[in-house]
Amino acid sequence: MRCHARWSSVVVGILYVSLLSACGGGGGGSGGEVTPPPSSGNPNTPPPSGNPDTPPPSGDPNTPGESAGSFTVSSESLSFVSMEDDEWRPLPSQTITMNVTGRERNEVYYRTVVDGSAIEAYLTVDGSVEVRPILPYQLDPGLYSATVTIRACAQVACTQELEGSPKIVNVTYERRGLKVSVSPLEFTVRNGASTIERTRSFTVTGYPEQTWFLDTAQSWLTLSRASGSTADPMPVEVVVDESGGLLKNGVYRPTLRLVGPTQTKYITVNVNIDRTEVHTVAPYLGVLFGQREVIVRGANFNAADVTGVQFGGVDATSFNIVSASEIRATTPGSLGTGSHAITLTGNAASALSDANFKVVAPAPYVSTHLPLPSGAATNAQPSAIAYDAVGQRIFVAVDQPEGTRDFVARYTYQPIGVGSWARANAYTSYNSLKAMTLALDGETLLLSEAGATWSGTDGTHSGMALSNLKLGGDRYSTLHRGWTDNFISSIAAANDGRAVMVSAAVSGGRRPVYRYSSLSPVTDSQGYWGSPSLEQVVLGTGSEDGWFDNGVAGAAGDGSRVLIASSAAAAEMYEYDSATSTLRRIDQVMQAGAIQLDRTGGRILLNNTHVYDRDFQLLGQLPATTIAAVFSPNLPRIYAYDSTGQLSSYDLTGTSVTPIRSWSPTASAGDPQRRVVMTITAEGWTLLIAGTNGVLVEYIPDNAR
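About the cut-offs
Per chain, residue numbering runs from 1 following the sequence as it is written. Local features in this predicted model are restricted to residues of pLDDT 70 or higher, and side-chain atom pairs are both shown and tallied only at a pLDDT of 80 or more, whereas totals for entire chains, interfaces and linings draw on every residue. Side-chain metrics in this entry use all non-hydrogen atoms of the structure; hydrogen atoms and water are not considered. Residue burial is assigned from relative accessible area. The probe radius is 1.4 Å, only protein chains are included, and a residue is buried under 20% of its type maximum, exposed over 50%, and partly exposed in between. Here a strand is any run of E in DSSP of at least two residues, a helix any run of H or I of at least four, and the numbering for each starts at the N terminus. Should DSSP find at least two bridges between two strands, the strands are taken to pair. Aromatic pairs are defined between Phe, Tyr and Trp rings, using the six-membered ring for Trp, whenever the two ring centres lie within 6.5 Å; interplanar angles under 30 degrees are classed as stacked, those over 60 as edge-to-face, and all others as tilted. Ring-over charges, as used throughout, are those where CZ of Arg or NZ of Lys falls within 6 Å of the ring centre and within 35 degrees of the ring normal. The contact rule is simple, with two residues in contact once any of their heavy atoms fall within 4.5 Å. Any pair of nitrogen or oxygen atoms within 3.5 Å is treated as a polar contact; in protein, a donor-acceptor pairing is required on top of that, and neighbouring residues in sequence qualify only through side-chain atoms on both sides.

Before going further, it helps to examine the pairing of strand β26 (residues 326-330). On a regular strand, one side chain projects to one face of the sheet and the next to the other, so that they alternate. Extensive coverage of β26 is indicated by the burial of 4 of its 5 residues. Taken together, the 5 bridges between strand β22 (residues 293-299) and β26 define a ladder with antiparallel strand orientation. Residue pairing in the sheet places Glu 293 in a bridge with Thr 330 of β26. In terms of strand pairing, strand β25 (residues 318-323) meets β26 through 5 bridges, oriented antiparallel. Across the sheet, the residue bridging to Asn 320 is Arg 328, located in β26. Linkage of β25 to β26, two consecutive antiparallel strands, is achieved through a turn of 2 residues.

Okay, here's the thing in structure tokens:
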């Protein structure tokens, strides 16, 4: 790049000033002046007396036609070279020394002008010119020329120049290396993106002329050419090619590698995928021949003409698009057992879907008692229970005495003959298990641990841990945090793909709420397994706004809402809204050691005894002797286990709590003064109750349902 010279008259006598480049910017301005030389001997000083127009005495060097002295410079050519890796490193300046003979230095005036944009020139106070090249990154690779013109004058007006003036110093600047015309390359891919929208192009320039090679590690980025020459700067087209599979929504930042003979450059590519997608379905589980309303969550449902929802290719009985991220649909009753992909019809038929609705047959379990595994201590007790309907497995987190490591017991149903349960100490080596739940898709157990220990590059650490345990056994991730006094006390699965977790402290005190994305971050955008991070949910500006003292959380069966309360003292309750992924304060001050919600969140059970409607209107109370309870997954029912070892069922139809019947189970769950936990099978026929004696598998009598 070149520009026209900008001529400026800047004069220096005893003092010398810095001059701007002709086009470079920075430094001083044009036309500046400094203090002239002293009047003694100054050729510009008027005669002391007489007519000011009287010519100066004979022999004055300012008289035209007489010698004013001679002028030379130390060099009339300069050269700068920027190497390939010096883009951001300033090159050393070079100095032009000015020499004058036949005249005192303090009687010489200088004018300096730069023609060319690659350099800047400055007059210095010691009578030289400093030439500075601009930073290499400001230039494209190439060979640049500039000149520095220096005039040495006998007076300010420069009507007479010294012999040899002006001097023109020629400057060359080699900017070596490779450069691309566009970086980064920006893509945004939405529904129905055209080939043009998926394509970006750039050219490669370089100095000196050289060949180059181009590649990328991403199979979904195709390049129109893999090599070329700077002598022939043909455009390179880069295409986001999803013929091998659609990319999930998100921002991807792959790189292109440009390799020359002496330099390797990396070109950033930013690809924003922002299409209609299906992410989750909740509840994820249905029972053979049954229909149920589910919540399908995703993105950009309003950006496509969605004409229907399908489960394994079968149309939903009904559907309603609630928002850009939510569809409510009723599953068809004709689905067979197995996993059924959820897809959309209409313009969104090709939308990527991660959601699968699973159908199971009713559980054929008969009432039985399952002892704890033989490795359990005599005074062990359960801390949590979860049921995997697809794998027909019961998981019990077993709390061992202090100093003995906790574990997760697994009971797997064997449907051979009359059917039986195989038990195993499945997952071991937990220091202190605190909470456990199934993730939204039923494929992962989320477990929290206090006092965990792990090895790092700087030694052994201890603190809290959150484990993401894949039930298929293929992958497992544990997230550690060095909070030695903290642990996750309660976990609830919301249907936005996140788990809402309340933290607590061993020594007591208020602790924050966190979110953990239990689904999508299991692999990153490149498909690599990694540990997702905890994200603190911030509600206000207060440091403890939305913090809880030994908090508990409970989620609706469809994951639409999560309620959070403090178990240590009466305090404001909070609600996590899955539709907006936000936490908000609700107008309820309560203390709760346990929170449960029915399938839709329309019924709330606090402390296993108090039943409320969605708006916290009290509907009724279960007996004070109740120590464990659970909602039916599909009927307006609650099933309760009390301290006498009795089971009872209650009808929640309408605005009251009505007893249905009570019955005695086949065995006792164990010590009622210690922990008893309870869940229910998918079709709502069998209760699973864990206590110090093991697990009760208890079929609910027909007249109790």
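Now that the structure has been shown, we can carry on.
Moving on, we come to the packing of aromatic side chains. One pass over the structure, following the stated rule, counts 11 aromatic pairs. Centre to centre, the rings of Phe 548 and Tyr 574 are 5.2 Å apart; their planes meet at 85°, and the pair counts as edge-to-face. Within this pair, whereas Phe 548 is found in strand β44 (residues 548-549), its partner Tyr 574 is found in strand β47 (residues 571-577), the two being separated by 26 residues in sequence. According to the relative accessible area criterion, Tyr 574 is buried, its value standing at 4%. Through a chain of ring-to-ring contacts, the aromatic side chains of Tyr 365, Tyr 387, Tyr 413 and Trp 421 assemble into a single cluster. Note that Arg 200 overlies the ring of Phe 187, its terminal NZ or CZ placed 5.1 Å from the centroid.

Quick look at unusual backbone geometry now. With an omega dihedral of 0°, the bond running from Ser 165 to Pro 166 counts as a cis peptide bond. Residue placement: Pro 166 occurs in the loop between β7 (142-153) and β8 (167-175). A cis amide bond, omega -5°, links Ala 282 with the succeeding residue Pro 283. Relative to the helices and strands, Pro 283 is located in the loop between β20 (277-282) and β21 (285-287). For Asn 550, which is not glycine, the phi torsion reads 50° and is therefore positive. Since its relative accessible area comes to 35%, Asn 550 is described here as partly exposed. Of note, Ser 581 is a non-glycine position whose phi angle comes to about 55°, a positive value. Here Ser 581 shows up in the loop between β47 and β48 (582-590).

Glancing now at the sheet that holds strand β28 (residues 352-353). Strand order across the open sheet formed by 5 strands is β25-β26-β22-β20-β28, with mixed pairing between neighbours. For this open sheet the edge positions go to β25 and β28, each flanked by a neighbour on one side alone.

You can see Ala 361 is positioned in the loop between β29 (356-360) and β30 (368-370). Ala 361 gets classed as partly exposed once you look at its relative accessible area, which sits at 41%. Sequence separation between Ala 361 and Gly 338 is 23 residues, and the spatial gap between their C-alpha atoms is 9.4 Å. Other than its neighbours up to four places away in sequence, Ala 361 contacts Leu 288 and Thr 337.

Once that is clear, we can look at the environment of Ala 494. Summarising the element assignment, Ala 494 is placed in the loop between β39 (486-493) and β40 (498-505). A residue is classified by how much of its surface remains accessible, and Ala 494, at 0% relative accessible area, is buried. For the pair formed by Ala 494 and Tyr 576, sequence separation is 82 residues and the distance between their alpha carbons is 8.2 Å. Not counting the four nearest positions on each side in its chain, Ala 494 is found in contact with Leu 440, Val 500, Gly 559, Val 562, Tyr 576 and Ser 578.

To continue, consider the pairing of strand β53 (residues 626-631). Buried residues dominate β53, accounting for 5 of its 6 residues. Here β53 pairs with strand β54 (residues 637-642) via 5 bridges, running antiparallel. Within the sheet, the bridge partner assigned to Val 630 lies in β54 and is Tyr 639. Hairpin connection between β53 and β54: a loop of 5 residues separates the two successive antiparallel strands.

Turning our attention to the environment of Ile 627. Within the fold, Ile 627 resides in strand β53. On a C-alpha basis, the gap between Ile 627 and Gly 645 in space is 9.6 Å, while along the polypeptide they are 18 residues apart. Among all residues touching Ile 627, those that are not within four sequence positions of it are Asn 608, Tyr 641, Asp 642, Ser 643, Pro 672 and Val 676.

Turning to the side chain of Arg 561, a few remarks are in order. Residue placement: Arg 561 occurs in strand β46 (residues 561-566). Here Arg 614 takes part through its backbone oxygen, which lies 3.5 Å from a polar atom of the side chain of Arg 561.

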